[in-house]
Amino acid sequence: MSPLPSSVRLHELAAIALLLLAGSARGALGQQADVNPHGEFAGDADCSACHTSDAWTPARSDPDFDHDDQTIFPITGSHADVECARCHIALRFAEPKLAGAECATCHVDVHRASLGPDCTSCHSTTSFAEVVGGEPHARTMFPLTGAHRVITCESCHVDDVGGAFGPLDLECTACHQEDYDRATFVDHQAGGFSTQCTDCHSLVAWREAPAFDHPSAANGYELVEAHGRLACESCHLRPGPGLRFAPADQNDCIACHQSDYDKEHAGDAFPTTCLDCHRQSDWDAEFDHREAGFDLVGAHTALSCESCHGPVDNALLFPSPAAQDDCVACHQDDYDARHTGSGFATACLDCHTVDTWGGASFDHDARFFPIFSGKHQPQWQTCEDCHTAPSDFSVFTCFTCHKHNQPDTDAQHENEGGYTYDSAACLECHPQGLT
């Protein structure tokens, strides 16, 4: 066989070279297509989860990828506003591999591990400045309680730069010496008060001092009932613990309440031992009137003291009752206004009650004429129907109503001899009235 012309040989060699180059290129392109530029991607998401067929960039604003479900790091708080590249450098999504509590992977621990590794025990994902818990402080020798829970860390850790908090002096005056020195409510230095603030104050507020032991500081004087609700300056001078009053003991009320006594009891001859009548919870008196020989019952309980007692030496406005039922000693004027000349007994309780003057239970039939029997019963309704003389029930005869020379008298007795106009004579024949 004769060799090919040189021109043909060159064309064959060129074709073979092109085929070899094409195959090599296809192999390189295939290999490149199998490599994900984002690294190993979590879950089964593909390129279309973030990209579109229009262009690789920008990525979709609403990627079809749930970071909370498909990773071990849920996106919460401020993390939701962070760009992917802030955490996934060069958009390599295989890194970082961290859980939600591994904050130090991205954030510098300004506390230098003094508060433990878990930032979420104090901080939230919303803001580092928003401290949401004091649990780490509870593990120290100074748990945060009361007002200490609402102050900033820097209020106490004034010299701890950048959040590197160290232990502090636990004595109250280490932070509150100025409060102790400049206390104007009560001068603590002049009063010799303890520098251990919790001996008197609570951790809720300075103004409250519920633990203050007043008996120990006041020679045994206890603040009971209403005294416990008073401000210190009600009895003490400011500044300092000086007294406005000087009671000799717990029961020496008059030492403080002389003006109250003078206002209420001046000249009454009442004793100055206020607790004999008054309570310590308020000024309401608990005076036992029975000790004066007269029990306040019925309508008497609603009367003021001034109804019976005068302003001078507590003297009675009426003669002193001889006994509990000696009503007329006080009610002589009431008796005279209703019963003058009636012959009624002055034992008011025979007819009246201690509750009211009205509705007297007088038994007319038993005492006098049986007016509510016979034909009298439906006719006479009030005392004045028969007793026409004001306030004198003794003025009464049958002839007040049944006058002589009238049909109901003379017509019946015109033929009877010895007829007299005398009530007693009427009742001899008519003991129950007209029947």
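Residue numbers here run from 1 along each chain, matching the order of that chain's written sequence. Where totals are concerned, whole chains, interfaces and linings use all residues; where local detail is concerned, this predicted model gives features only for residues with pLDDT of at least 70, and gives and counts side-chain atom pairs only at 80 or more. In computing side-chain values, all of the structure's heavy atoms are included and hydrogens and water are not.

Caption draft 1: Inspection of the overall build of the protein chain at higher detail. If you tally the helices and strands in the protein chain, you get 12 helices and zero strands. Starting at the N terminus, the α and β elements of the protein chain follow one another as α-α-α-α-α-α-α-α-α-α-α-α. Here the term buried applies to any residue with accessible area under 20% of the maximum for its type, exposed to any over 50%, and partly exposed to those in between, with areas from a 1.4 Å probe on protein chains only. Among the 435 residues that make up the protein chain, the fraction classed as buried is 17%. Per element, the accessible surface of the protein chain, about 30900 Å² overall, is 57% carbon and sulfur. Under the DSSP-based scheme used, a helix requires at least four consecutive residues in state H or I and a strand at least two consecutive residues in state E, with every element numbered from the N terminus. All accessible-area figures derive from a Shrake-Rupley calculation using a 1.4 Å probe, and residue coverage is judged against the displayed protein chains alone.

Caption draft 2: Layout of unusual backbone geometry. Residue Pro-58 is bonded to the preceding Thr-57 through a cis peptide linkage, with omega at -5°. In this structure, Pro-58 sits in the loop between α1 (6-33) and α2 (67-70). In this structure, Ala-90 takes a positive phi of about 60° despite not being glycine. Considering the arrangement of structural elements, one finds Ala-90 in the loop between α3 (84-87) and α4 (135-138). Since its relative accessible area comes to 63%, Ala-90 is described here as exposed. One non-glycine residue, Glu-225, lies in positive phi territory at about 50°. Among the structural elements, Glu-225 can be located in the loop between α7 (214-217) and α8 (254-265).

Caption draft 3: Region of the structure containing the confidence of the model for the protein chain. For every residue, the pLDDT score states the predictor's confidence, bounded by 0 at the bottom and 100 at the top. For the protein chain, per-residue confidence averages 75 on the pLDDT scale, and residues scoring 70 or more make up 72% of the total. The lowest-confidence element of the protein chain is α1, averaging 44 in pLDDT; the highest-confidence one is helix α5 (residues 172-181), averaging 89. It only takes one pair of heavy atoms within 4.5 Å for two residues to be counted as in contact. Here residues 1-8 is a poorly scored stretch, pLDDT under 50, and it has one contact once near neighbours within four places are set aside; other chains count. Low pLDDT (under 50) marks residues 13-33, which in the prediction has zero contacts with non-local residues, meaning those over four places away or in another chain.

Caption draft 4: How the structure looks around α5. For α5, the complete set of buried residues consists of Cys-172, Thr-173 and Tyr-180. Angular distribution of buried residues about the axis of α5 spans 60°; they occupy a single face of the element. On the buried face of α5, the contacting elements are α6 (188-191). Think of the arc as the fan of directions from the helix axis to the C-beta atoms.

Caption draft 5: A look at the pattern of salt bridges. Put simply, a salt bridge is a Lys or Arg side-chain nitrogen that is within 4 Å of an Asp or Glu carboxyl oxygen. Throughout the structure, instances matching the rule amount to four salt bridges. Asp-62 is paired through a salt bridge with Arg-60; the nearest N and O atoms lie 3.8 Å apart. Across the salt bridge formed by Asp-282 and Arg-279, the nearest N and O atoms sit 3.0 Å from each other. Several salt bridges share partner residues, and in doing so they unite Glu-178, Asp-179 and Arg-182 into one network.

Caption draft 6: The arrangement of the state of the cysteines in detail. Throughout, a disulfide means two cysteine sulfur atoms within 2.5 Å of one another. This structure, assessed with the given rule, holds zero disulfides. Here Cys-172 stays unpaired: no disulfide links it, and the sulfur of Cys-197, its closest cysteine neighbor, is 4.2 Å away. A relative accessible area of 16% places Cys-172 in the buried class. The closest cysteine sulfur to the non-disulfide-bonded Cys-256 is located on Cys-235, 5.6 Å from its own sulfur.

Caption draft 7: View of the side chain of His-289. One can find His-289 in the loop between α8 and α9 (328-339). If we skip the residues at most four places from it in the chain, His-289 touches Phe-294, Leu-296 and His-309.

Caption draft 8: Focus on a nonpolar patch on the surface. A cluster of nonpolar residues, Met-141, Phe-142 and Leu-170, forms a patch on the protein surface that exposes about 320 Å² of accessible area. With respect to the secondary-structure elements, Phe-142 resides in the loop between α4 and α5. Note that patches include only residues with greater than 30% relative accessible area and no salt bridge, and the join distances are 9 Å for like charges and 5 Å for nonpolar side chains (Val, Leu, Ile, Met, Phe, Trp, Tyr).

Caption draft 9: Up close: the environment of Arg-244. By secondary structure assignment, the location of Arg-244 is in the loop between α7 and α8. According to the relative accessible area criterion, Arg-244 is partly exposed, its value standing at 45%. Remark: the alpha-carbon pair of Arg-244 and Ala-255, spanning 11 residues in sequence, is separated by 10.0 Å. Think of a polar contact as two N or O atoms within 3.5 Å of one another; within protein, one of them needs to be a possible hydrogen donor and the other a possible acceptor, and neighboring residues in sequence only count if both atoms come from side chains. In terms of polar contacts, Arg-244 uses its side chain to reach the backbone carbonyl oxygen of His-236, at 3.4 Å.

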